[in-house]
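Each chain, written out:
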Amino acid sequence: MVAKRFPVEAGHIMMFARSVGDDNQVYYDAEYAADTEVGNIVAPPTFVQASAQFDEDYVLRPKVGKPWFGSGKEASGIKKEPSSGEKSGGGSGGGLHAEQHYEYHRHPVAGDILYPTAKPGKTWEKEGKRSGKLVFSETVVEYRDANGELVVTARGVGVRTERPVDQ
Amino acid sequence: MALKASEVKVGDSYSQRLVEDLKRTQIVQYAGSSGDYNPLHSDEKFTTEVAGYPSIFAHGMLTMGMTGKLLTDVVGDGRLTNYGVRFTNQVWPGDTLDATATIVALRRDGDTHIADLEVVTTNQDGKVVVSGQASAKLDP
C-alpha cells in the first residue's frame, strides 16, 4: 500500500522537476543548491507522490510477469468477466483523484530516506451531476525520516465514479 | 528568494503560465517520474474504448506539481508549510494552463511570519482545474 522505504534521490528529483516543467536549478545542480537557503537538492512540493516508485504493490505500475489492464492487441489487457465487475480496471468509471493536501514539517532533500506509513481516513458518498454516485475515500500517509521525525504528512482523497465524468 | 513580510500585503497576487498546449509526451514524462502509469494518462485506446473518456487526460498530480512551481517561485525553496488542492476539472492534451496565487492572510506563529495564499489554476476556457491553499514562512 505504501513504500517500505523511500530513498530521496537527486536523479529522481531531476526527472520529477523536468516532468512538471520546473527548471529551478535547486532541483538539478548540487553546487548551485549548496549555496541556497535549503543547502541541498530539495524535493519539489509534490515529490513525495513519487514514492509510488518504491511501493512494491503499487497497482498503477505494470509488474513483471503479471497481466496489465492497459491496451496491447486489445483495448484492455484484462478480459472483463461479467462477475468480476469494475475491479479489473476495465470498468467504465473507475478511480480519480479528488483532493491532495501536504503538510511540510520540513522539506525532504536528496539523501534522505523516508519511511511512509498509511492510515485510512474517512469515506463518504455524494450524488454527482456529471458522473452519478461518487464514493470518496481518504488516505493519510506520514513520511518519517531515519530518526523517526515527521517530514511530510500527505492526505489524499480518491473518488470512484459510477460512470465517466460528463464533459 | 523568500518573500519579506514587510514588503507584501493581503491581496498581492502572482500569476504564471504553467504550460501552453500541453503535450501528451509531458504527461508520459510525468507518468515516468511519478510512477503512476494508469493507462488513463497515456493509453488512448484503453481510455476511449474501455474507460469511456474522449481522450487520455493528465494526472491531477501533474497539474498540482506544475502549480507548485508558481508557489516555490513566489515564496522560495523550502518555505511552504502546507499546500493542498481540489481537482475540479480534468486537464487534457492541448490545454494551456495559467495559475494565480493570492495572499489572503499574513500572520505570525510565535516569531515566524506566515502568509496564507489561495491558488487557482485555470485552462484556456477559464475553467478552474485546480483550486487550493498554501501557507509559507516569510522573512521578517
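Residues numbered from 1 in each chain as written. Chains lettered and ligands numbered in written order. Predicted model: local features only at pLDDT ≥ 70, side-chain atom pairs only at ≥ 80, totals over all residues. Heavy atoms only, no water.

## Here's the deal with the overall build of chain A
Working step 1: For chain A, the helix and strand inventory stands at two helices and five strands.
Working step 2: In terms of principal-axis extent, the alpha carbons of chain A reach across some 60 × 35 × 30 Å.
Working step 3: Put simply, chain A has 167 residues, and 44% of those count as buried.
Working step 4: The contacts of chain A with a sequence gap of at least 6 include a subset with a gap of at least 24, amounting to 58%.
Working step 5: Accessible surface, chain A: about 9100 Å² in total, of which carbon and sulfur atoms supply 52%.
Working step 6: The averaged location of the 24 negative side-chain charges in chain A is 10 Å from the averaged location of its 21 positive side-chain charges. (Helix = DSSP H or I, 4+ residues; strand = E, 2+ residues; numbered from the N terminus. Buried < 20%, exposed > 50% of the residue type's maximum accessible area, 1.4 Å probe, protein only. Contact = heavy atoms within 4.5 Å. Areas by Shrake-Rupley, 256 points an atom, 1.4 Å probe, with all protein chains shown as cover. Lys, Arg positive; Asp, Glu negative; His and termini not counted. Charge placed at Lys NZ, Arg CZ, Asp CG, Glu CD.)

## Focus: the interface of chain A and chain B
Interfaces are often described in size by the accessible area the parts lose on coming together.
Working step 1: Across the contact, 53 residues belong to chain A and 45 residues belong to chain B.
Working step 2: Overall, the association of chain A and chain B removes approximately 3800 Å² of surface from exposure, summing both partners, and the carbon and sulfur fraction of that is 55%.
Working step 3: Along the contact surface separating chain A from chain B lie one salt bridge.
Working step 4: The tally of links from chain A across to chain B stands at 15 residue pairs in polar contact (both at pLDDT 80 or more).
Working step 5: Mapped by element, the contributors of at least two residues to the side of chain A that touches chain B are helix 1 (10-19) and strand 2 (94-104) of chain A.
Working step 6: Residue composition of the side of chain A that touches chain B, grouped by class: 22 nonpolar, 21 polar and ten charged. (Buried area = accessible area lost by both parts, 1.4 Å probe. Salt bridge = Lys/Arg side-chain N within 4 Å of Asp/Glu carboxyl O. Polar contact = N/O pair within 3.5 Å; in protein donor to acceptor, adjacent residues only side chain to side chain. Nonpolar A, V, L, I, M, F, W, Y, C, P; charged D, E, K, R; others polar.)

## As for the pattern of salt bridges
All names here are of chain B.
Working step 1: As enumerated under the stated definition, the model contains 17 salt bridges over all chains in all.
Working step 2: For Arg 24, the salt bridge identified is with Glu 44, shortest N-O distance 2.9 Å. Highlighted residues: Arg 24 in helix 1 (residues 24-34) and Glu 44 in helix 2 (residues 44-50), separated in sequence by 20 residues.
Working step 3: When its relative accessible area of 41% is taken as the criterion, Arg 24 is described as partly exposed.

## A short note on the nonpolar core
Working step 1: By size, the foremost hydrophobic cluster in this structure holds 60 residues, and its most contacted members are Phe 47, Tyr 102 and Tyr 143 of chain A together with Leu 62, Leu 80 and Tyr 83 of chain B.
Working step 2: When residues of this core are assigned to their parent elements, the largest contribution, eight residues, is made by helix 3 (residues 60-75) of chain B.
Working step 3: Aside from chain neighbours lying at most four places away, what touches Leu 80 of chain B is Pro 45, Tyr 104 and His 107 of chain A together with Leu 71, Thr 72, Val 75, Ala 134, Ser 135 and Ala 136 of chain B.
Working step 4: Residues Ala 52, Tyr 58, Leu 96 and Val 157 of chain A belong to the second largest nonpolar core, which totals 19 residues. (Core = buried A, V, L, I, M, F, W, Y, C linked by side-chain atoms within 4.5 Å.)

## Some thoughts on the packing of helix 1 of chain B against helix 3 of chain B
Residues and elements named next belong to chain B.
Working step 1: At a minimum axis distance of 10 Å, the contact between helix 1 and helix 3 shows a crossing angle of 95 degrees. Taken together, the axes of helix 1 and helix 3 are roughly perpendicular relative to one another. Contact residues: Gln 26, Ile 27 and Tyr 30 in helix 1; Met 61, Leu 62 and Met 66 in helix 3.
Working step 2: When its residues are assigned to classes, the contact of helix 1 with helix 3 shows five nonpolar, one polar and no charged. (Axes fitted to C-alpha atoms, helices over the stretch in contact; angles between N-to-C directions. Parallel < 35°, antiparallel > 145°, perpendicular 65-115°, else oblique.)

## A closer look at the packing of helix 1 of chain A against helix 1 of chain B
Working step 1: For the pair helix 1 of chain A and helix 1 of chain B, the least separation of the axes is 8 Å and the interaxial angle reads 155 degrees. Here helix 1 of chain A lies roughly antiparallel to helix 1 of chain B, going by the angle between them. In the crossing of helix 1 of chain A with helix 1 of chain B, the sense of the turn from one axis to the other is left-handed. Facing helix 1 of chain A, whose interface residues are His 12, Met 15, Phe 16, Arg 18 and Ser 19 of chain A, helix 1 of chain B presents Gln 26, Gln 29, Tyr 30, Ser 33 and Ser 34 of chain B.
Working step 2: When the residues that make up the contact of helix 1 of chain A with helix 1 of chain B are grouped by side-chain class, the tally is three nonpolar, six polar and one charged. (Left-handed = near helix turned anticlockwise from the far one by under 90°.)

## So, the environment of His 107 of chain A
Working step 1: Along the chain, His 107 of chain A falls in the loop between strand 2 and strand 3 (113-128).
Working step 2: Sequence spacing of His 107 of chain A and Phe 47 of chain A is 60 residues, and the spatial spacing of their C-alpha atoms is 10.0 Å.
Working step 3: With sequence-adjacent residues up to four places away left out, His 107 of chain A is seen in contact with Val 42 of chain A together with Gly 78, Arg 79 and Leu 80 of chain B.
Working step 4: Here the side chain of His 107 of chain A touches Leu 80 of chain B through a polar contact of 2.7 Å, landing on its backbone oxygen.

## Overview of the confidence of the model for chain A
Working step 1: Of all residues in chain A, 91% have pLDDT values of 70 or greater, and the mean over the chain is 89.
Working step 2: pLDDT under 50 marks residues 82-93 of chain A. Its contacts with residues more than four places away, or in other chains, come to 25 contacts. (pLDDT = per-residue confidence, 0-100.)

## Quick look at the side chain of Ser 51 of chain A
All names here are of chain A.
Working step 1: Along the chain, Ser 51 turns up in the loop between helix 2 (30-34) and strand 2.
Working step 2: Within the structure, Ser 51 has its side chain in polar contact with the backbone oxygen of Val 48 (distance 2.8 Å).
Working step 3: When near neighbours in sequence (up to four residues on either side) are disregarded, Ser 51 contacts Ala 3, Phe 6 and Tyr 143.

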